[in-house]
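Next come the chains, spelled out residue by residue.
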Amino acid sequence: MKSGANAMPADKIRSKAAIIPTLYEQSVRGRRGIDLPDADVPEAPMPAEELNLDCDLPELSQLDVVRHFLALSQRNFGIDTGFYPLGSCTMKYNPKVNEQIARLAGFAETHPLQDPESVQGNLELMFSLQQWLAEIGGFAGVSLQPAAGAHGEFTGLLMMRAYHRDRGELERTRILIPDSAHGTNPASTTMAGFTAVELPSDARGNIDLDAVRAACDRTVAGIMMTNPNTLGLFEEHIGEVVRLVHDCGGLVYGDGANLNALAGIARPGDLGFDVMHFNLHKTFATPHGGGGPGAGPVGVSAKLADFLPGPVIDIARGENGAARYLPAEPTKSIGRVSTFGGNFGMFVRAYAYIRRHGGAGLRANSEHAVLNANYLRIKLRDTFRVPFDRMNMHEFVCQGAVESTGIRALDISKRLLDYGFHPPTNYFPLIVPEALMIEPTETESKPTLDAFVAAMQAIAAETQSDPGLVKGAPYSTPVRRLDEVRAARAVVLADRAKAAAG
Amino acid sequence: MTYVPHTEAERAEMLAAIGVDRIGALFGDVPEQVRFPKLKLPPACSEIEIEREMQALAGRNLGTDPSASFLGAGAYHHYRPATVDYVLQRGEFYTAYTPYQPEVSQGVLQALFEYQSMMCRLTALEVSNASHYDGATALAEAVLLALNVGQGKRSKILLSPAVHPQYRAVVKTYLRGIPAVVAGDEDGGAGLDRLKSQLDQSTAALVVQSPNFFGQFEALEGLSALVHAAGALLIVVTDPIALGRFRPPGAYGADVAVADGQCLGIPPSFGGPHLGIFATRMAHVRRLSGHLVGETVDLEGRRGYVLTLATREQHIRRARATSNICTNSTACALAATAYLATMGKAGLRQVAELCFHKSHYAAAAIARLDGFLVNPQAPQRPFFKEFVVRLPRPATEVSRRLREEFGIIGGYDLGPDYPHLQQHMLIAVTELHTRAAIDRLVAALEQIAK
């Protein structure tokens, strides 16, 4: 995908070998990808009634396997491929040294059920990370256990529920959620047994303060706030929102998805948040992995610290003053939310990332993330309408619809692929029609941003000169627009080819 | 340092374009009294220094030689072919987001489609999602699916006490907010018959693990008929390595199979990230949680893949979604796909057989030692790669001495989870253990018993 690829008919510029056969289609009976040693012990009789007849896995040579996955990787776009301004996802550079470090045998080969005495390095790392996240977020306690942001939300909501029940306030069953929130917020709310109550936004893109005031009563368990919100705007009345919710006995949950605007700028705990999840795969640059794994540690204020999922890592001092790290169960813990201690491999990367940056480095990251996002807004706002056009934080939302041409945000996004850029987030937040949510992150340079602006402007010109061109995009990708309706109707979710046929 | 590329000149130019004189002026909306806190963090360090620091931390851990560790209990040391990490290190894969733009995500989408295909074949079920966080959260989501199928009329979940204790704990946490009861695991020593007797019209699902937490195959024959007669779902937790040679959950009539896929090419990594495997019958596909990749065609008729049936998911359905899951464990699913492609049918079968034979060799040798008993609770039931040993001394003492005197990481102490199994240890043996390594363990146990 070269920048400015022209609109040559697809079949002229694409390889004829556009389809990569599946592993099952490539399977040939009797091929082996690896050998294993023969048994060096006597064979034990196997229980006949438990044996399977066949295990239907494909049979390939090792080179087949390598070529297959290499070819697949070449039809995938990552941060390492190019600019990836996917709003709310913080697609920043994933440092390579962290990948190397996470693979050290001393981390990767250790077993989660080893005696604490034999894994003091791991436990110290986890303890330090807990401390640092608490410091960055302004919280009294942290549990590293949740495996993702949504998992952290669910964990936080269960803690809020346990807190109210502990105080005998069983009537608190409602969670207030602004209409600009991520879909995970209401979904997590339902899973935790609460009712989600949607609140509108005001004309400046903030949560509507009057609506918050009207909703606050004894049935409110809390509010879920994303700050800056999904429009990329710092909530101008955050202090008042927090006060209103606290005054009615509710708790304030922070969706930490947008912490890359705030790390080193302001601490959510100082703003009055009671609980927040951190997305280590956003703010702290652990890789997104094509959709995971991430890590979603939760930080809490003092009143929720006893409810954290356990175990958390504690420190004890021996007689000689030497530190010893050990797992500990919070007294009113909601219990486990995943096996073992969470996604440790991500903790290693996040630890290294925070150590590399220090407090000043984290602040510089947020500052430049916000600088880049405002720069893009200024450069693009005359081309694409920005509905809430004020100083934004790490991301902003513009509209991808072009009147009288029928061009939609989706078309702009698909055409961007031909220019070598990953599109912004489409159609979110829901309160902005034809939303394009743009988050450049701090690791992108001015020349990259300028090239993106040029591409957006070129596409805007194309929508006037040749709207059909834009509506038909992309042309330069391994496949063109895919039939999503057919996928949902025909529902083919597994390969029909039989392994090793013939 | 940071990875910010801006030069002073670029920064000035950008600030001028925005119309502010300094970067701090971008934060006028942040209340002044909390703005720019001084964070108490260690000072920044260079790449050389961080490598040094991390190597020192890693160096303070033992247990880095898999052949000298006999811990399993839900996380395992298996051989990982070099092809797996080769695939994982492709930046196009691991630095990508969830494939919402399919035209530039065909790589991961096809890999996930192949993963789903393999999981269906391995479990003998019809549909697999694109992964959960780990085996325990996959089980919790399976239980939520069963409650959903039960439509509020069925609220009881029967959990076998021989399901991994941490999996049971996670299920109970997941059910905290909703009207459901967990029964069946009150008595840690209870068998399958006790569980069957608790089946009734209020039961949404019965959950068993096979090979179970103690390594033994459960007697699954006929169980699904009983469970289905009661109108409930049968959920089976399994070990994907075992499926290389042993009958899959689908063959026993299971409605849902879940597993942790860490054993498929993913390092133990002190507990995560691992891989939650979740497969079920097509009848439940619209109640399934998590991403699903489906096959389709592009507008030129070329085969391609997309995320599909997304109306189940949180970004569309919000408060009425089947689950809140968004980020999952895709890179681990990719690892499992590369692992299974490399191993193939014959390779996985061989791994399963090596685990079986080597663990039986170890069990027989330990059973011959004075004061040791193997699988005392159910000596006749076949086992796969783990077995229970009754020790002549407390498990904590045996573990400590194995580590300190012999450099061996012993098995899992069953006492804390199962009060009736004080002084019992769960030992795992895989294809990575040579006969010599097993003999060293046996000799060490003999020494310790003296």
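Values in this document were obtained by computation on a predicted structure and should not be read as measured data. (Residues numbered from 1 in each chain as written. Chains lettered and ligands numbered in written order. Predicted model: local features only at pLDDT ≥ 70, side-chain atom pairs only at ≥ 80, totals over all residues.)

## Digging into the overall build of chain B
Okay, so step 1: When helices and strands are tallied, chain B shows 13 helices and 13 strands.
Okay, so step 2: In terms of principal-axis extent, the alpha carbons of chain B reach across some 80 × 55 × 50 Å.
Okay, so step 3: Looking at chain B as a whole, 62% of its 450 residues are labelled buried.
Okay, so step 4: Taking as baseline every contact in chain B between residues at least 6 positions apart, the subset at least 24 positions apart corresponds to 72%. (Helix = DSSP H or I, 4+ residues; strand = E, 2+ residues; numbered from the N terminus. Buried ≥ 20, exposed ≤ 12 C-beta atoms within 10 Å, placed from the backbone. Contact = placed C-beta atoms within 7 Å.)

## Thoughts on the sheet that holds strand E6 (residues 256-260) of chain B
Residue and element names in this part refer to chain B.
Okay, so step 1: Spatial strand order, E1-E7-E6-E5-E4-E2-E3: seven strands in an open sheet with mixed pairing. Of all the strands in the sheet, the pair left with one neighbour each is strand E1 (127-128) and strand E3 (181-183).
Okay, so step 2: Where E6 lies against strand E7 (residues 276-280), five bridges are found, and the strand directions are antiparallel. From the neighbouring strand, Ala257 faces E7, where its bridge partner is Ala279.
Okay, so step 3: Of the strands in this sheet, strand E2 (156-159), strand E4 (203-209), strand E5 (233-238), E6 and E7 are in contact with helix H6 (residues 135-149), which crosses E6 at around 165 degrees. (Pairing = 2+ DSSP bridges. Axes fitted to C-alpha atoms, helices over the stretch in contact; angles between N-to-C directions.)

## Digging into the interface of chain B and chain A
Okay, so step 1: Taken residue by residue, the interface counts 167 residues in chain B and 169 residues in chain A.
Okay, so step 2: It is helix H11 (residues 330-367) of chain B that provides the largest number of residues to the side of chain B that touches chain A, a total of 23 residues.
Okay, so step 3: In terms of residue class, the side of chain B that touches chain A is built from 85 nonpolar, 51 polar and 31 charged. (Nonpolar A, V, L, I, M, F, W, Y, C, P; charged D, E, K, R; others polar.)

## What about unusual backbone geometry?
Okay, so step 1: Residue Pro228 of chain A is bonded to the preceding Asn227 of chain A through a cis peptide linkage, with omega at -5 degrees.
Okay, so step 2: By the element assignment, Pro228 of chain A lies in the loop between strand E4 (220-225) and helix H10 (238-247).
Okay, so step 3: Omega for the peptide link from Ala473 of chain A to Pro474 of chain A comes to 5 degrees, which places this bond in the cis form.
Okay, so step 4: Along the chain, Pro474 of chain A falls in the loop between helix H14 (467-472) and helix H15 (484-490).
Okay, so step 5: Of note, Phe36 of chain B is a non-glycine position whose phi angle comes to about 55 degrees, a positive value.

## So, the confidence of the model for chain A
Okay, so step 1: Looking at chain A, the pLDDT average stands at 95 and 96% of residues meet or exceed 70.
Okay, so step 2: Low pLDDT (under 50) marks residues 1-8 of chain A, which in the prediction has 16 contacts with non-local residues, meaning those over four places away or in another chain. (pLDDT = per-residue confidence, 0-100.)

## Description of the environment of Ala487 of chain A
Okay, so step 1: As for its placement among the helices and strands, Ala487 of chain A is situated in helix H15.
Okay, so step 2: Ala487 of chain A gets classed as buried once you count the C-beta atoms within 10 Å, which come to 25.
Okay, so step 3: In this view, Ala487 of chain A contacts Gly294, Glu295, Thr296, Val306 and Thr308 of chain B; residues no more than four positions away in its chain are not counted.

## Quick word on the nonpolar core
Okay, so step 1: Core analysis: the largest hydrophobic core is formed by 302 residues, its most contacted members being Phe347 of chain A together with Leu139, Val207, Ile235 and Val258 of chain B.
Okay, so step 2: In terms of residue count, H11 of chain B provides more of this core than any other element does, 22 residues in total.
Okay, so step 3: In this view, Val258 of chain B contacts Gly135, Ala138, Leu139, Ala142, Ile235, Val237, Ile277 and Phe278 of chain B; residues no more than four positions away in its chain are not counted. (Core = buried A, V, L, I, M, F, W, Y, C linked by C-beta atoms within 7 Å.)

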